Amino acid sequence: MAKKETVTMHGMAIRKSTGDKIFDVFNTLILLALCFVTLYPMWYVVCASFTNNTYLVAHPGAIWWPHGFTTGSYKMAFEHPLILSGYKNILMILAISLPINIIMTLFCGYFLASKGMMFKGPIQFLIMFTMFFSGGMIPTYLNIRSLGLFNSMWSLILPGAISVYNCIICRTAIQAVPESLTESAYLDGANDLIIVFRIILPLIMPTIAVLLLYYGVGHWNSWFPASIYLTDNYKLPIQNVLRSILIANSNILNAAASESDKVDEFAEAIKYSTIVLTTVPVLCIYPFLQKYFVKGVMVGAVKG
């Protein structure tokens, strides 16, 4: 007969059998292994960013702590002209894109959540249709050129100004707002703009925070559109600069480095520090949005 251990929880006695304890041990070991597999690559990058470049080249493999501690790679990273311009470009894209993203998503979600709108069915079908089918890369490229957006920062802002998936999330949040609030506002003489910005928006702020996180991370990690639509290296966002640094013998680095004989050494020295610099901002912002993130993703999950 299996031995049992009594555990007190919330005033109730719960007996744990030997099988339960064995399961807990194996479960803990598996979770610790998963944590190690997940966290070690990040720890490796941080350690490598503070490690002497010579040691990195001569000793490939696992690194558990910085060897020959130095901040030279970060100094070289900040001295690189494309990294500074990359940060400036991505911050400018975020400053312009996020307000456009949120306003358009809010308007679209309000339309989808409203009742009695004219032609709502056909318009909703067209909106949903774009979620599953697109024009393709070549027609989109030709469209960008014909609109005069080629080699312009607007080519990274306007094509992705709205996401249908995020509109659905916003619509679900708006549908959770009691109709009596909007009806009372209509009786008091409010129009749709007042209702959206003074009633709907404050009530769905957790969802707006989630949408800001989705759009922000999407813009921050995006590199493919810039590689197609931008030809000026100094207009590239930080992710494209990081990609060029991680690729050996990059043409961008060759064009930007002042001393061509140090290009390889330059790229090897700054690639880990650049990864840290491009990851830390998102890691610092996420904890402040986490509580809203949990609330926002639960919208519509419980039906009362």
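Residues numbered from 1 in each chain as written. Predicted model: local features only at pLDDT ≥ 70, side-chain atom pairs only at ≥ 80, totals over all residues. Heavy atoms only, no water.

Asker: Looking at this structure, how should I read the overall build of the chain?
Answerer: Each helix and strand counted, the chain has 14 helices and two strands in total. Expressed as a percentage of its 304 residues, the buried residues of the chain come to 34%. Total accessible area on the chain stands at roughly 18700 Å², and carbon and sulfur atoms take up 68% of it. (Helix = DSSP H or I, 4+ residues; strand = E, 2+ residues; numbered from the N terminus. Buried < 20%, exposed > 50% of the residue type's maximum accessible area, 1.4 Å probe, protein only. Areas by Shrake-Rupley, 256 points an atom, 1.4 Å probe, with all protein chains shown as cover.)

Asker: When you look at the layout of surface pockets in this model, what are you seeing that I'm missing?
Answerer: Empty space among the atoms becomes visible once a probe the size of a water molecule is rolled across them. Of the voids in this model, the largest pocket is the one considered here, and its volume is about 920 Å³. In terms of lining, the largest pocket is formed by 35 residues, of which the most central are Thr140, Pro159, Gly160, Ile162 and Pro225. Sorting the residues of the lining of the largest pocket by element identifies α4 (81–113), α5 (120–132), α6 (137–146), α7 (164–175), α10 (205–221) and α11 (224–229) as the ones contributing at least two each. Counting residues per element, the lining of the largest pocket draws most heavily on α11, which supplies five residues. Its residues assigned to classes, the lining of the largest pocket comprises 23 nonpolar, 12 polar and no charged. Roughly 360 Å³ of volume is contained in the second largest pocket. Lining the second largest pocket are 14 residues, and of these Ala113, Ser114, Lys115, Glu179 and Thr182 lie nearest its centre. (1 Å grid on protein atoms, 1.4 Å probe; cavity = no way out; pocket = protein on both sides within 12 Å on 5 of 7 lines; lining within 4 Å. Points joined across faces, edges and corners; volume = space filled by probe spheres on them. Nonpolar A, V, L, I, M, F, W, Y, C, P; charged D, E, K, R; others polar.)

Asker: I'm lost on the nonpolar core in this one. Help?
Answerer: Generally speaking, nonpolar side chains in soluble globular proteins are found buried as a group. One finds Ile83, Ile174, Ile200 and Ile204 to be the most contacted residues of the largest nonpolar core, which totals 48 residues. Those elements that place two or more of their residues in this core are α1 (18–49), α3 (72–79), α4, α7, α9 (192–203), α10, α12 (238–246) and α14 (263–297). The element best represented in this core is α4, accounting for 11 residues. Counting residues in each nonpolar core, the second largest holds seven residues, with Cys108, Leu112, Ile127 and Met128 among its members. (Core = buried A, V, L, I, M, F, W, Y, C linked by side-chain atoms within 4.5 Å.)

Asker: Where do I start with the packing of α5 against α7 in this structure?
Answerer: Geometrically, a packed helix pair is captured by the angle between its two axes and the distance between the axes. Interhelical geometry of α5 versus α7 gives an angle of 130° and a closest axis separation of 9 Å. Here α5 lies oblique to α7, going by the angle between them. Residues Gln124, Ile127, Met128, Thr130 and Met131 of α5 pack against Val164, Tyr165, Ile168 and Arg171 of α7. Split by residue class, the contact of α5 with α7 holds six nonpolar, two polar and one charged. (Axes fitted to C-alpha atoms, helices over the stretch in contact; angles between N-to-C directions. Parallel < 35°, antiparallel > 145°, perpendicular 65-115°, else oblique. Contact = heavy atoms within 4.5 Å.)

Asker: Explanation requested: the packing of aromatic side chains in the structure shown.
Answerer: Describing an aromatic ring pair means giving the distance of the ring centres and the angle of the ring planes. Within this structure, the stated rule accounts for 11 aromatic pairs. With a centroid separation of 5.7 Å and an interplanar angle of 80°, the aromatic rings of Tyr141 and Phe150 are classed as edge-to-face. Overall, Tyr141 belongs to the partly exposed group, its relative accessible area being 25%. With a relative accessible area of 25%, Phe150 lands in the partly exposed category. Between Trp223 and Phe224, the ring centres sit 5.7 Å apart and the planes meet at 90°, which makes this aromatic pair edge-to-face. By way of ring pairs, the aromatic residues Phe36, Tyr40, Tyr44 and Trp64 are connected into one cluster. (Phe/Tyr/Trp six-rings, centres within 6.5 Å; stacked < 30°, edge-to-face > 60°.)

Asker: Which parts of the structure should I look at to understand a nonpolar patch on the surface?
Answerer: Judged by side-chain polarity, Ile22, Val25, Phe26, Leu29, Ile30, Leu31, Leu32 and Leu34 come together as a nonpolar surface patch covering roughly 790 Å² of accessible area. Examined against the element boundaries, Leu29 turns out to sit in helix α1. (Patch = residues over 30% accessible without salt bridge, like charges linked within 9 Å, V, L, I, M, F, W, Y side chains within 5 Å. Salt bridge = Lys/Arg side-chain N within 4 Å of Asp/Glu carboxyl O.)

Asker: I keep staring at the pattern of salt bridges and nothing clicks. Help me out?
Answerer: Two side chains of opposite charge can pair, provided their charged atoms sit close to one another. According to the stated counting rule, one finds one salt bridge in the structure shown. Of the charged contacts in the structure, one is a salt bridge between Lys115 and Glu179, with a shortest N-O distance of 2.8 Å. You can see Lys115 sitting in the loop between α4 and α5 and its partner Glu179 sitting in helix α8 (residues 179–187), a full 64 residues away along the chain. What makes Glu179 partly exposed here is its relative accessible area of 43%.

Asker: For this particular structure, what's the right way to read the packing of α9 against α10?
Answerer: The geometry of α9 relative to α10 is characterised by a closest axis approach of 5 Å and an angle of 80° between their N-to-C directions. In terms of axis orientation, α9 runs roughly perpendicular to α10. Contact with α9, carried on its side by Leu201, Pro202 and Leu203, involves Met205, Pro206 and Ile208 of α10 and no other residues of that element. Taken together, the residues that form the contact of α9 with α10 break down as six nonpolar, no polar and no charged.

Asker: Explanation requested: the environment of Ala190 in the structure shown.
Answerer: Counting through the fold element by element, Ala190 comes out in the loop between α8 and α9. By relative accessible area, Ala190 is classed as buried at 17%. Apart from the residues lying within four places of it in its own chain, the contact partners of Ala190 are Ala185 and Ile195.

These figures come from the coordinates and say nothing about function on their own.
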